[in-house]
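Residue-level structural notes
As a plain string of letters, each chain reads:
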Amino acid sequence: MSNYNIKHIEEYYQLYRKSVNEPELFWEEIAEEHFLWQKKWDKVLSWDFRKPEIKWFEGAKLNITENCLDRHLINKGDKTAILFEPNNPTEEAVHITYNELHERVCKMANVLKDRGLNKGDRVCLYLPMIPELVISMLACARIGVVHSVVFAGFSSLALATRINDSECKMVVTSDGSYRGSKTIDLKGIVDVALKECSCVKDVLVVNRVGSEIKMIPGRDHWLEPLMSKASSVCTAEIMDAEDPLFILYTSGSTGKPKGMLHTIAGYMVYVAYTFKNVFQYKENDIYWCSADIGWITGHSYITYGPLANGATSVLFEGVPSYPGYGRFWEVIQKHKVTQFYTAPTAIRALAREDVSYVEKYDLSSLKVLGTVGEPINEEAWHWYDDCIGKNKSPIVDTFFQTETGGIMLTPIPYITPTKPTYATLPFIGVQPALMDEKGNELIGNQVEGRLCIKYPWPSIARTIWGDHERYKATYFSAFDNKYFTGDGALRDEVGYYRITGRVDDVIIVSGHNLGTAPIEDVINEHPDVAESAIVGYPHHIKGNALYSYITLKSINRDQNIVRKEINQLITERIGPISKLEKIQFTNGLPKTRSGKIMRRILRKIAHNESNDLGDISTLLNPEVVEDIIGNKLV
Ligand code: PRX
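Criteria and thresholds
- Residues numbered from 1 in each chain as written.
- Predicted model: local features only at pLDDT ≥ 70, side-chain atom pairs only at ≥ 80, totals over all residues.
- Heavy atoms only, no water.
- Salt bridge = Lys/Arg side-chain N within 4 Å of Asp/Glu carboxyl O.
- Helix = DSSP H or I, 4+ residues; strand = E, 2+ residues; numbered from the N terminus.
- Buried < 20%, exposed > 50% of the residue type's maximum accessible area, 1.4 Å probe, protein only.
- Core = buried A, V, L, I, M, F, W, Y, C linked by side-chain atoms within 4.5 Å.
- Contact = heavy atoms within 4.5 Å.
- Phe/Tyr/Trp six-rings, centres within 6.5 Å; stacked < 30°, edge-to-face > 60°.
- Lys NZ or Arg CZ within 6 Å of the ring centre and 35° of its normal.
- Domains from an automatic or database assignment.
- Buried area = accessible area lost by both parts, 1.4 Å probe.
- Polar contact = N/O pair within 3.5 Å; in protein donor to acceptor, adjacent residues only side chain to side chain.
- Pairing = 2+ DSSP bridges.
- Axes fitted to C-alpha atoms, helices over the stretch in contact; angles between N-to-C directions.

A few words now on the pattern of salt bridges. Any two side chains of opposite charge can pair, given that their charged atoms come close. Evaluation of the coordinates by the stated rule reveals 38 salt bridges. Between Arg327 and Glu85 there is a salt bridge; the shortest N-O distance is 2.7 Å. Separated by 242 residues along the polypeptide, Arg327 in helix α12 (residues 327-335) and Glu85 in strand β4 (residues 80-85) bring together distant segments of the chain. Each member of the pair, Arg327 as well as Glu85, carries the same accessibility label: buried. Measuring nitrogen to oxygen at the nearest pair gives 2.9 Å for the salt bridge that ties Arg348 to Glu374. Taken together, the residues span a long stretch of sequence, with Arg348 in helix α13 (residues 344-351) and Glu374 in the loop between β19 (368-372) and α15 (378-388) at a distance of 26 residues. A relative accessible area of 8% means that Arg348 is categorised as buried.

Shown next, in the form of structure tokens:
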């Protein structure tokens, strides 16, 4: 018998040992006892990190929506599956039961089928945080269509790049989206994007804001009339364990986003099991993750993990500051939220506001608090613990990645003693290793190195869509026979892990994973720019912000105008999340003799550590460094 719900620290250690010593047996028992299979697997795991190739539950047949919906209908049909809290608090919250969700998913799946979509086709979901987003994901999964959710804050160009990369046949969007007091013209962004996407044949449009929009005959269809005509019976497509479930794009160290591909069975088992334990979900709990479904946190811990456990998952359309800074706390009081999972950047932003915004509300329903997406600083951790959790709700600082699918390092609430800023211990089945730069594993405690994982876990991404070589080069080449996260970490005297931050060219700004290369590519497109380099520097709310060093071709124009134009260009090409906080114009950038920009030096300068640059005499142009230091922006 497997133990699905860990209840004591001894159990954690015992299960952890089993998951390391007999990983196949461990995961086989979990999979067998807690999920619905049309056929069991022939082999639990086959893997080779050098190829790399990873397969879990090979030979098994299933449909993830039967696990997330159908099997709950007998006992929990009337239970709320999705609790939708709209952007505007005057609009009523909507409780969607498992019965209703099942019906709407089946209808939508039939709509997709009627439009000619087949197993294996890709559909891009560019939607706000509304129930139709969850419904669309599950409708795709119902018929074996691969969804690619693109965060609705991305620009038309970023959207087009992602649609084309996975050759999506359809886009599902809405007429617009609400974001605090603003309304955003989502359909307009899609229209611009689709000028570049010949692969898209159909656009389904949800009526959310009721704005006037242009519908292109033959291509664009309102979703509601199609749904009302569709049958609510849709047999789930029988899928192979290793068939693709979704693609989700993340940034990397080149301009092209990486479409991480997740497959069905392993992903399902791991996110369901982590959800149950990391949040200690109990039957009548009201769980709320405030992340956007456009990111992995939303995929795994708003949609699939909670629904696979028959949980009630709050779906929040709004922002933490609208209509006031008390919105999060108001929602917690209103729905008696028991688990609340958010990002350090939101905590820092709200902690700056008067504590009366919190004190107005009754937060006594809370049992577990979570954070994810970036390192949480000590001050924010204590504020969260004191003001929100009243020192009674343990904080789970959960580390994971788009690539890992599910949570990798985390305390288990009420079980693992927490420590501020530490993600503490590996989750069951996760075998971390810290490596030095020479590729040796650092053994023992009180060490710091690069964080790798030595053994496959079920929800690891299987490839980068269309580019397996890049998958290998990015994650499996830095260290032999290990998955490399790209993060640095330390292990303290008791074996607790703390993530120290990225060691590659990715910068985490407000919890968003931004690669420097795509942003630099856009900056360099500005006609006045000769070259550019961006680095991250510490920021009191965003965690990190972007500091750019830019060399202009001519210096005749008003520099502030050029600054505005560059940020405008970034907003258009990528989206406002990638805007530069600081733009310093320079006479040149420090380079090695082979012409490589020395970002290490630029990073030190942006961090106010210019007295510790090391030996710069080997640079091609050491003279520019003095100049850059002298003109540093404060
Ligand atoms: O640097 C780590 C940071 O976020 C990166 C992954 O970003 P993304 O794929 O967008 O997924 C974010 C949500 C899971 C990681 O490589 N990160 C994530 N969680 C933590 C974190 N850094 C520190 N502490 C965390 N708890």
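So much for the structure itself; the text now carries on.
Here the focus is the nonpolar core. Within the largest apolar cluster, 128 residues are counted, with the highest numbers of intra-cluster contacts made by Trp37, Phe57, Leu101, Tyr273, Phe279 and Tyr304. Looking at this core element by element, the count peaks at 11 residues for helix α10 (residues 264-278). Setting aside its immediate chain neighbours within four residues, Phe57 contacts Trp27, Ala31, Trp37, Trp41, Lys43, Val44, Ala241, Ala265, Gly266 and Val269. Membership of the second largest hydrophobic core comes to 42 residues, among which are Phe151, Leu552, Ile566 and Phe585.

With that settled, consider the packing of aromatic side chains. The way to describe two aromatic rings as a pair is by their centre distance and the angle between their planes. Applying the stated criterion to the full structure yields 48 aromatic pairs. Seen in terms of ring centroids, Trp47 and Phe49 are 4.8 Å apart; in terms of plane orientation they differ by 75°. Their pairing is edge-to-face. The exposure class of Trp47 is partly exposed, given its relative accessible area of 30%. Ring centres 4.7 Å apart and planes at 90° place the aromatic pair Phe275 and Tyr287 in the edge-to-face group. Here Tyr287 lies in strand β16 (residues 286-289) and Phe275 lies in helix α10, a separation of 12 residues in the sequence. For the pair Phe275 and Tyr287, one class covers both residues: buried. Linked through ring pairs, Tyr4, Phe26, Trp27, Trp37, Trp41, Trp56, Phe57, Tyr270, Tyr273 and Phe427 together constitute an aromatic cluster. Lying over the aromatic face of Phe154, Arg162 brings its terminal NZ or CZ to 4.3 Å of the ring centre.

Split by domain assignment, the protein resolves into domain 1 (2-432) and domain 2 (510-630). A C-alpha centroid distance of 34 Å is found between domain 1 and domain 2. At the junction of the two partners, domain 1 supplies 20 residues and domain 2 supplies 20 residues. Both sides together, the interface formed by domain 1 and domain 2 hides about 1,400 Å², and carbon and sulfur atoms give 55% of it. Summed over the shared surface of domain 1 and domain 2, the result is 0 salt bridges. Counting the contacts that link domain 1 with domain 2 gives 10 residue pairs in polar contact (both at pLDDT 80 or more).

This part covers the sheet that holds strand β20 (residues 395-398). Reading across the sheet, the 7 strands line up as β5-β4-β17-β16-β18-β19-β20 and stay open at both edges, with mixed pairing between neighbours. If you trace the sheet from one side to the other, it starts and ends with β5 (94-97) and β20, each paired once. Neighbour-to-neighbour, the strand axes of the sheet open up by a mean angle of 20°, direction not taken into account. Pairing of β16 with strand β18 (residues 339-342), which is carried by 3 bridges, proceeds in the parallel orientation. Each residue of the ladder has a partner; that of Trp288, found in β18, is Phe340. On top of the sheet, α15 reaches β18, β19 and β20; it is set at about 155° to β19, its chief contact.

Here we take up the sheet that holds strand β28 (residues 529-539). The strand order across the open sheet built from 3 strands is β28-β29-β30, with neighbouring strands paired in mixed fashion. With one partner strand each, in any of the chains shown, β28 and β30 (582-586) form the two edges of the open sheet. With direction set aside, neighbouring strand axes in the sheet form an average angle of 25°. Bridge analysis of strand β29 (residues 543-552) against β30 gives 5 bridges, and the strand direction is parallel. Bridge pairing links Thr551 to Thr586 in β30. Against the sheet, helix α19 (residues 599-606) makes contact with β28 and β29, and its axis sits at roughly 50° relative to β28, the strand it touches most.

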